[in-house]
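# Observations on the model geometry
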Amino acid sequence: WTDRLFGGFRKTSEKLTSNLIEVGTARLDDATLDDVEDALILSDLGPGAAARIREKLRDKRFGLEITERELKEAVAEEIAAILRPVAKPLEITAFPRPQVLLVIGVNGSGKTTTIAKLAHLFQEDDYAVMLAAGDTFRAAAIGQLQTWADRVGVPIVRGPEGGDPASIVFDAVKKATEIGTDVLIVDTAGRLQNKRELMDELAKIRKVLGRLNPDAPHDVVLVLDATNGQNALAQIDVFKEVAGVTGLVMTKLDGTARGGVLVQAAEQYGLPIHAIGVGEKIDDLRPFDPDLVARVIA
Ligand code: GDP
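Residues numbered from 1 in each chain as written. Predicted model: local features only at pLDDT ≥ 70, side-chain atom pairs only at ≥ 80, totals over all residues. Heavy atoms only, no water.

In the annotation of an unreviewed UniProt entry, the chain is listed under the name Signal recognition particle receptor FtsY and assigned to Qipengyuania qiaonensis. Annotation of the chain in UniProt includes, under Subunit (unreviewed entry), the sentence "Part of the signal recognition particle protein translocation system, which is composed of SRP and FtsY. SRP is a ribonucleoprotein composed of Ffh and a 4.5S RNA molecule." Comment text from UniProt for the chain, heading Catalytic activity (unreviewed entry), reads "GTP + H2O = GDP + phosphate + H(+)". (UniProt positions renumbered as here; feature names shortened; annotations may be inferred.)

Structural data, given as structure tokens:
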């Protein structure tokens, strides 16, 4: 899948490449470092990370002869150093089972698709998966999740539109426990327009979960759309406060020049990044590989 990931990221890499194209072979001087810093900022790494990478390069290589390729490799290494500490795959370790994953994110972020992709991944690893349709607020959400559940071939617990998400979650955990489910993935309403209601809804879900299993939810995964750039980062702030996010999935990294958003997210929030979405298909979710992503961005 390496090729496909590189393909999906092409725009990002082209962007940085084109900004560095005139470097050729040169002594690493301040003008070149300025170009690198500008290129990194253009790639959405944010001024903080860009400045720090510049300083690292300066410390290590200033005045030394460097080829364009070596420069790119050096930049990739600095980016990887930022990303490595947050790369953390979702692991199924809960005992007793099921491990409960709450999935949150604003509408359109790719939440439903990501749930389906995760279900598919876990299934491929031989885990028994179940979905819970906890986004009862949007008319289409339950139907969409059902369609994905059928396609992936996993059971789903759903209630009526406008129903109580906490009671659906309660039913789902009970059923999951009965039939020996390993992973229960819960869809939730992503309505940031009404923070209060969302908070109350999540609090109620947590209360119900806590009664059934004090460790649940084991994961609260925020789905972010990379094409939203800075707005995606702003959503981390809000959802951290409202939902107690434990990790991130960044979607739509195909066809966007926004790969740098991942670096900013890593720098500013230090939250685990579990996986990235690189397309609309069921197998277009990749474990977050910091070295690979760094090379693609640089
Ligand atoms: P939700 O409203 O957050 O549940 O979002 P959906 O899962 O319905 O996704 C919204 C749109 O984004 C759909 O057209 C998906 O196919 C698309 N989408 C989701 N993830 C990705 C991704 O990683 N790459 C691309 N290109 N599209 C995606």
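Here we take up the overall build of the chain. Counting its secondary structure elements, the chain contains 12 helices and 10 strands. A compact globule built from 298 residues should have a C-alpha radius of gyration of about 19 Å, and the chain, at 21 Å, falls within 12% of that. Its C-alpha atoms give the chain principal-axis dimensions of about 65 × 35 × 35 Å. Here the chain, with 298 residues, has 54% of them falling under the buried criterion. Taking all contacts inside the chain whose residues are at least 6 apart in sequence as the whole, residues at least 24 apart take part in 77%. Carbon and sulfur atoms form 49% of the exposed surface of the chain, whose accessible area is close to 12800 Å². When the 36 positive and 45 negative side-chain charges of the chain are each reduced to one mean point, those points stand 4 Å apart. (Helix = DSSP H or I, 4+ residues; strand = E, 2+ residues; numbered from the N terminus. Rg over C-alpha atoms; globule rule 2.2 N^0.38 Å. Buried < 20%, exposed > 50% of the residue type's maximum accessible area, 1.4 Å probe, protein only. Contact = heavy atoms within 4.5 Å. Areas by Shrake-Rupley, 256 points an atom, 1.4 Å probe, with all protein chains shown as cover. Lys, Arg positive; Asp, Glu negative; His and termini not counted. Charge placed at Lys NZ, Arg CZ, Asp CG, Glu CD.)

Turning to the layout of surface pockets, a few remarks are in order. Of the voids in this model, the largest pocket is the one considered here, and its volume is about 280 Å³. Counting residues per element, the lining of the largest pocket draws most heavily on helix H6 (residues 111-124), which supplies 5 residues. Along the lines of polarity and charge, the residues of the lining of the largest pocket split into no nonpolar, 10 polar and 6 charged. Of the voids in this model, the second largest pocket is the one considered here, and its volume is about 240 Å³. Every residue lining the second largest pocket is counted, 14 residues in all, and those nearest its centre are Pro89, Leu90, Leu121, Phe122 and Asp125. At the level of elements, H6, strand S9 (273-277) and strand S10 (285-287) are the ones that each hand at least two residues to the lining of the second largest pocket. Per-class residue counts for the lining of the second largest pocket are 10 nonpolar, 1 polar and 3 charged. (1 Å grid on protein atoms, 1.4 Å probe; cavity = no way out; pocket = protein on both sides within 12 Å on 5 of 7 lines; lining within 4 Å. Points joined across faces, edges and corners; volume = space filled by probe spheres on them. Nonpolar A, V, L, I, M, F, W, Y, C, P; charged D, E, K, R; others polar.)

With that settled, the discussion passes to the site of the ligand. As a matter of local geometry, the ligand sits amid 18 residues, with Gly108, Thr112, Thr113, Asp254 and Glu280 nearest to it. Ser109 is positioned such that a nitrogen or oxygen atom in its backbone is 3.1 Å from an oxygen atom of the ligand. A distance of 3.3 Å separates an oxygen atom of the ligand from a polar backbone atom of Gly279. A majority-of-atoms criterion places the ligand in the largest pocket. Examining the composition of the shell around the ligand, we find that 4 residues originate from one element, H6, more than from any other. When the residues that make up the shell around the ligand are grouped by side-chain class, the tally is 2 nonpolar, 10 polar and 6 charged. (Near = heavy atom within 4 Å. Polar contact = N/O pair within 3.5 Å; in protein donor to acceptor, adjacent residues only side chain to side chain. Sits in = over half its atoms within 2 Å of the grid points.)

This part is about the packing of helix H10 (residues 230-243) against helix H11 (residues 260-269). The interhelical angle for the contact between H10 and H11, taken along N-to-C directions, is 30°, at an axis separation of 10 Å. Two packed elements cross with a definite hand, and for H10 against H11 that hand is right-handed. Counted together, Gln230, Leu233, Ile236, Asp237 and Lys240 of H10 and Val261, Gln264, Ala265 and Tyr269 of H11 form the full contact between these two elements. A per-class count over the contact of H10 with H11 returns 5 nonpolar, 2 polar and 2 charged. (Axes fitted to C-alpha atoms, helices over the stretch in contact; angles between N-to-C directions. Left-handed = near helix turned anticlockwise from the far one by under 90°.)

With that settled, the discussion passes to the nonpolar core. Judged by nonpolar contacts, the single largest core of 69 residues is most densely connected at Leu57, Ile79, Ile236 and Leu248. Sort the elements by how many residues they give to this core and helix H5 (residues 68-83) lands first, with 8 residues. Once you skip the residues sitting within four places of it in the chain, Leu57 turns out to touch Leu28, Leu33, Val36, Phe62, Leu71, Ala74, Val75 and Glu78. Core analysis: the next-biggest nonpolar cluster, separate from the first, contains 26 residues, Val103, Trp148, Val249 and Ala275 among them. (Core = buried A, V, L, I, M, F, W, Y, C linked by side-chain atoms within 4.5 Å.)

Per the stated rule, a full pass over the model turns up 22 salt bridges. One salt bridge connects Arg54 with Asp30, and the closest N-O pair in it is separated by 3.1 Å. You can see Arg54 sitting in helix H4 (residues 46-61) and its partner Asp30 sitting in helix H3 (residues 30-42), a full 24 residues away along the chain. On the accessibility criterion, Arg54 (11% relative accessible area) is buried. Ionic pairing is found between Glu55 and Arg54, a salt bridge with its closest N-O pair at 3.8 Å. Since its relative accessible area comes to 38%, Glu55 is described here as partly exposed. Through salt bridges with shared partners, one network takes in Asp30, Asp34, Glu37, Arg54, Glu55 and Arg58. (Salt bridge = Lys/Arg side-chain N within 4 Å of Asp/Glu carboxyl O.)

What follows deals with unusual backbone geometry. Cis peptide bonds are those with omega within 30 degrees of zero, and the linkage from Phe95 to Pro96 qualifies with 0°. Inspection of the secondary structure assignment puts Pro96 in the loop between H5 and strand S3 (99-104). That bond from Ala216 to Pro217 is cis: its omega, 0°, falls within 30 degrees of zero. Mapped onto the secondary structure, Pro217 falls in the loop between helix H9 (195-212) and strand S7 (219-225). Even without glycine at this site, Asp126 takes up a positive phi of about 70°. Of note, Asp126 is situated in the loop between H6 and strand S4 (129-134).

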